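Spelled out from the first residue to the last, the chains are:
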Amino acid sequence: MVENMSRWLRSVRPSTASDEDWIATPAAAEQLAAVHRRIGPASTAKEQRRSAAPGWVRGRVVRKPRVWLAASGLACAVTIAALISSGGTATPPHGGITETPHLPAIRPAALLLSNYSSCADVLAGLRTHAAASVGSYGWWPDKRTDIRFGIAPLAGRQQLSAGPAATSAAAGDTSTTNVQESGVDEPDLVKTDGGRLITITDGVLRMVDTASRAITGSLDLTMYQGWQNAQLLVGGDHALVTLGGSNNGYNYGSFSNGPAAASGPRSTYLFLDLAGGPKITGSLRAAGSYLDARLIGSTVRLVMSSAPSINLPLGAGSNATRSAANQAVIRQAPLSAWLPQYSITSGQNTTDYTVPCDQVSHPAAYTAASMLTIYTLDLNHLGVSPKPVSVAADGDTVYATSTSLYIASNPNWCCATAAKAQQTEIHRFDITGSGQPTYLGSGGIPGRLLSRYSLSDYAGSLRIATTAGAGGSATQSSSLYILDANTLKVTGRVGGLGKDEQIYAVRFIGPVAYVVTFRRTDPLYVVDLHDPAAPMLVGTLQLTGYSDYLHDAGSGRLIGIGQQASKTGRVSGLQVSLFDVSKPAQPLRTAQVVRSDAPGGPSLDPHAFLYWPPTGLIVTPVQSWRPGQSGKVLVLKVSGTKLNTVGLLANPLAAHSIDDGLGIQRSLIVNATLWTVSGSGVQVSDPATLSRQAWIPFD
Amino acid sequence: MTVRINGEIDGEINGEGKRVDDAERRAVIDEWFRAYAARVLAYLLHRTDPQTAQDVLQEVFVTAFGKADQVPDPPLGWLFGTARRLLANRLRGFRRHDQLIARLMDDVGEESDPDAYELKQAFAQTLATLPAADREVLTLTGWYDLTPMQAAEALGCTASAYGVRLHRARKRLADALEAAGYRGATPAGQFAEALRG
């Protein structure tokens with residue numbers, strides 16, 4: 001009898017704090033209040049970014065709605081958490097970060113154009129807009145009014161940024177991990193210059209000498225908050241480690257109805273000297289959450305989002321009473337509540353700074369519920385002033401070319417039924433050279449972004465792919481917009497892509513866009529963007545399954561990584577496709593490899609994918625949820641219009657681990673050999689035969 | 001098929017899209033929270049530390065808010081499914097193992113009744129030897145008052161697939177109990193018999 005068994009099961013159930021009328025306690029009320037705070041527009045936009053960001057990025061919640069659909073199609077797949085525990089010991093090699101009293105804000109010699117004429121105006125503007133944004137539950141009005149987009153006055157510069165075509169940067173016989181725009185490096189878990197390989201796994205940074213294939217130094221990062229999300233940027237003998245902010249990644253954590261919190265979450269960036277083994281030489285701590293970073297030459301642009309530190313009363317009473325109380329607090333808030341604070345530690349000395357109010361700009365419309373700040377660092381001179389600029393705006397997705405940086409947000413994505421309400425806001429910054437960025441203006445288009453790959457700056461145009469309409473409804477469809485990069489005004493649009501479907505992948509290659517949408521079948525759309533005023537859908541290819549990552553293989557060929565699916569949309573394993581797109585009107589699939597033994601896992605993190613043009617090698621991860629088995633990589637070779645399977649490659653498991661849930665996380669070509677990095681170590685293999693040349697275990 | 005629109009974007013952005021349903025959705029979330037949050041929290045507290053449990057609990061309801069039109073009503077199975085996935089992702093990201101067995105062992109340590117002690121110890125020790133999928137299906141079935149449909153929904157599978165999985169998990173737990181010497185009239189022995197149905 002099921003009832004009988006249930007009674008037995010029940011008798012062995014440990015009791016929990018939530019069993020005894022927990023819902024009637026203040027603790028439950030606090031949890032519900034926290035839910036409402038999190039439902040705020042910017043925090044949900046953040047959630048959207050996280051769910052939209054593809055991949056197995058460690059420490060980030062990776063859950064796409066469609067993964068869900070896919071999972072429900074599988075036979076009751078119960079996923080199993082990784083059975084590995086961090087083996088790192090936490091003995092701080094560094095004195096930590098000390099706080100010293102505030103120093104006066106640094107005033108730069110040359111003032112950049114700002115939309116405010118005085119600090120008093122800055123404060124007045126922030127208060128007014130914030131009061132209009134706040135509601136009874138917190139930082140959003142009870143009835144949102146539409147945000148009207150407008151272009152802020154431009155700073156007089158009219159630079160055209162002819163973005164380079166997105167081809168793989170291949171220097172000699174060593175690859176980087178995959179990046180969106182060549183010459184614009186992204187923080188990642190692995191970096192190499194051919195001579196040394198630097199990895200971060202399980203919170204430990206290691207340097208590997210690629211000639212002797214030995215670990216030459218390591219650094220435990222686990223005593224720093226946010227180590228789970230640690231990534232690095234490297235230039236020469238210097239490196240910058242980005243750490244996540246607060247564990248949950250929400251940047252609205254500073255609002256509480258308790259005693260005045262300090263200043264909300266802070267994010268830490270470590271300065272490393274690699275010359276004599278990795279050594280921390282200093283750090284930057286800045287208010288808010290880390291969004292993303294880019295490295296161009298030796299110049300790092302760090303993008304942060306911070307919330308004003310204002311303790312809203314969030315008290316009892318009617319909505320109107322609470323809104324009024326919240327507004328009253330905002331109208332009295334000092335300017336320092338909004339201005340992001342940061343501190344620089346160099347050696348033993350820590351100095352605190354505040355972003356000066358003359359470095360604060362704003363779009364024509366803004367909520368004043370969050371601030372975006374760009375810090376600029378030179379890897380060769382870490383520790384000097386990071387020259388921050390702030391814009392009173394919301395943002396979560398960062399995209400950059402070598403000359404322009406864009407921050408986008410979906411401020412209203414939460415309200416999926418109001419199709420017209422879904423808008424993407426875009427803020428553009430000039431990042432030419434190594435100086436302070438210049439805020440150029442903002443614009444907006446309807447719909448939601450999939451990821452940073454939805455954005456592309458090319459020949460003076462910003463191209464954006466969005467999906468609008470409620471998920472799963474017939475109103476859902478996708479569009480490609482072309483904006484004049486200088487004015488952020490729409491010059492052209494192609495709409496109606498994938499009715500009732502959402503974008504799974506988008507890739508801009510020169511003047512052409514490739515878009516994949518999926519519900520049951522996978523249309524691959526080819527859109528000609530030569531004429532910014534008249535983009536045109538020129539080709540469509542209907543297939544089963546879908547691709548969620550597209551990569552240029554040159555010579556009119558396109559690689560698609562995704563899932564095979566039945567005609568009813570049920571996914572059935574990893575699929576790699578090779579498309580011939582040399583005739584845009586007639587895209588063809590010329591080759592396909594399906595691994596039905598590979599489960600339909602979360603979608604691909606572009607950083608985990610490798611295409612190596614000199615030999616046509618494709619290395620892409622294959623997940624496995626089986627205990628005792630490590631995630632592998634599938635190695636293929638593009639030859640002409642064919643795909644040849646080289647094989648599956650797994651890294652050995654570490655002696656101390658039962659399994660290594662994530663398996664191989666990154667693959668690179670270093671001095672013409674294949675290097676695969678997992679939590680257990682680095683394997684060096686012959687890329688043609690996959691025979692092992694070396695195994696460098698992490699202890 | 002090709003749609004070209006120039007200069008019509010303003011109208012679309014500044015149209016009449018009023019989010020009148022925002023307050024309604026919040027009310028629905030409040031209602032669901034009051035009815036189901038305690039059970040979801042219990043699930044999380046059985047598997048992770050209280051801080052993470054609270055974080056994930058909040059995420060579950062924030063997610064429910066974002067997808068309110070897609071969440072079935074009653075939403076219990078969906079809420080559990082979301083909690084499971086959010087927690088699994090988090091554990092995976094932080095490279096941690098779920099703490100279910102540790103919780104059970106703690107609970108054994110606090111048990112003063114000798115029969116209950118033996119039963120709980122037998123359960124914790126044998127459950128630890130089963131695949132995580134079996135643990136999940138057994139505890140979801142017995143601990144949170146989910147209907148079979150809701151448990152299936154939480155696991156992301158059909159009711160029949162859930163039935164098969166539960167049947168196998170019951171058999172494996174019963175086998176494990178017997179293999180560990182829990183037989184006959186002892187509480188754990190009776191438990192094994194009940195599992196065989």
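Parameters and conventions
Residues numbered from 1 in each chain as written. Chains lettered and ligands numbered in written order. Predicted model: local features only at pLDDT ≥ 70, side-chain atom pairs only at ≥ 80, totals over all residues. Helix = DSSP H or I, 4+ residues; strand = E, 2+ residues; numbered from the N terminus. Contact = placed C-beta atoms within 7 Å. Pairing = 2+ DSSP bridges. Axes fitted to C-alpha atoms, helices over the stretch in contact; angles between N-to-C directions. Buried ≥ 20, exposed ≤ 12 C-beta atoms within 10 Å, placed from the backbone. Parallel < 35°, antiparallel > 145°, perpendicular 65-115°, else oblique. Nonpolar A, V, L, I, M, F, W, Y, C, P; charged D, E, K, R; others polar. pLDDT = per-residue confidence, 0-100.

Summarise the overall build of chain B; cite the residues concerned and give the values.
When helices and strands are counted, chain B shows 10 helices and 0 strands. Reading chain B from its N terminus to its C terminus gives the helix and strand order α-α-α-α-α-α-α-α-α-α. Here the contacts in chain B between residues at least 6 apart in sequence split such that 60% fall between residues at least 24 apart.

Give me the sheet that holds strand β19 (residues 404–409) of chain A: which residues, what numbers.
Residues and elements named next belong to chain A. Strand order across the open sheet formed by 4 strands is β18-β19-β20-β21, with antiparallel pairing between neighbours. Looking at which strands have only one partner, the edges of the open sheet turn out to be β18 (397–400) and β21 (438–446). Adjacent strand axes in the sheet meet at a mean angle of 20°, parallel and antiparallel pairs treated alike. In this structure, β18 lies alongside β19, joined through 4 bridges in antiparallel fashion. Residue pairing in the sheet places A400 in a bridge with L405 of β19.

Would you mind going over the pairing of β21(A) in detail, with residue names and values included?
Residue and element names in this part refer to chain A. In terms of residue burial, β21 counts as a mostly covered element, since 8 of its 9 residues are buried. Relative to β21, strand β20 (residues 423–430) is paired through 8 bridges, and the arrangement is antiparallel. Note that in β21 the partner of H427 across the bridge is S442.

Describe the packing of helix α5 (residues 119–133) of chain A against helix α6 (residues 319–332) of chain A, listing the residues and the values that go with them.
Residues and elements named next belong to chain A. One can describe the packing of α5 onto α6 by two numbers: an axis separation of 9 Å at closest approach and a directional angle of 170°. Put simply, α5 runs roughly antiparallel to α6. Of the residues in α6, those in contact with R127, A130 and A131 of α5 are Q327, I330 and R331. Residues that form the contact of α5 with α6 fall into these classes: 3 nonpolar, 1 polar and 2 charged.

Go over the confidence of the model for chain B, please, and point to the residues and values.
Residue and element names in this part refer to chain B. The share of residues in chain B with pLDDT of 70 or more is 86%, and the mean pLDDT across the chain is 81. This model gives residues 1–20 a pLDDT under 50, and the stretch forms 34 contacts once residues within four places in sequence are excluded. Taken together, the chains of this predicted complex give a pTM of 0.65 and an interface ipTM of 0.86.

Outline the pairing of strand β36 (residues 632–639) of chain A, listing residues and values.
Residue and element names in this part refer to chain A. Extensive coverage of β36 is indicated by the burial of 6 of its 8 residues. Where strand β35 (residues 617–622) and β36 come together, 6 bridges link them in antiparallel fashion. The residue of β36 that forms the bridge with V622 is K632. Where β36 meets strand β37 (residues 642–649), 7 bridges bridge the pair, whose relative direction is antiparallel. From the neighbouring strand, V633 faces β37, where its bridge partner is L649. Where β36 folds back on β37, the antiparallel hairpin that results is connected by 2 residues, among which G640 adopts a positive phi of roughly 60°.

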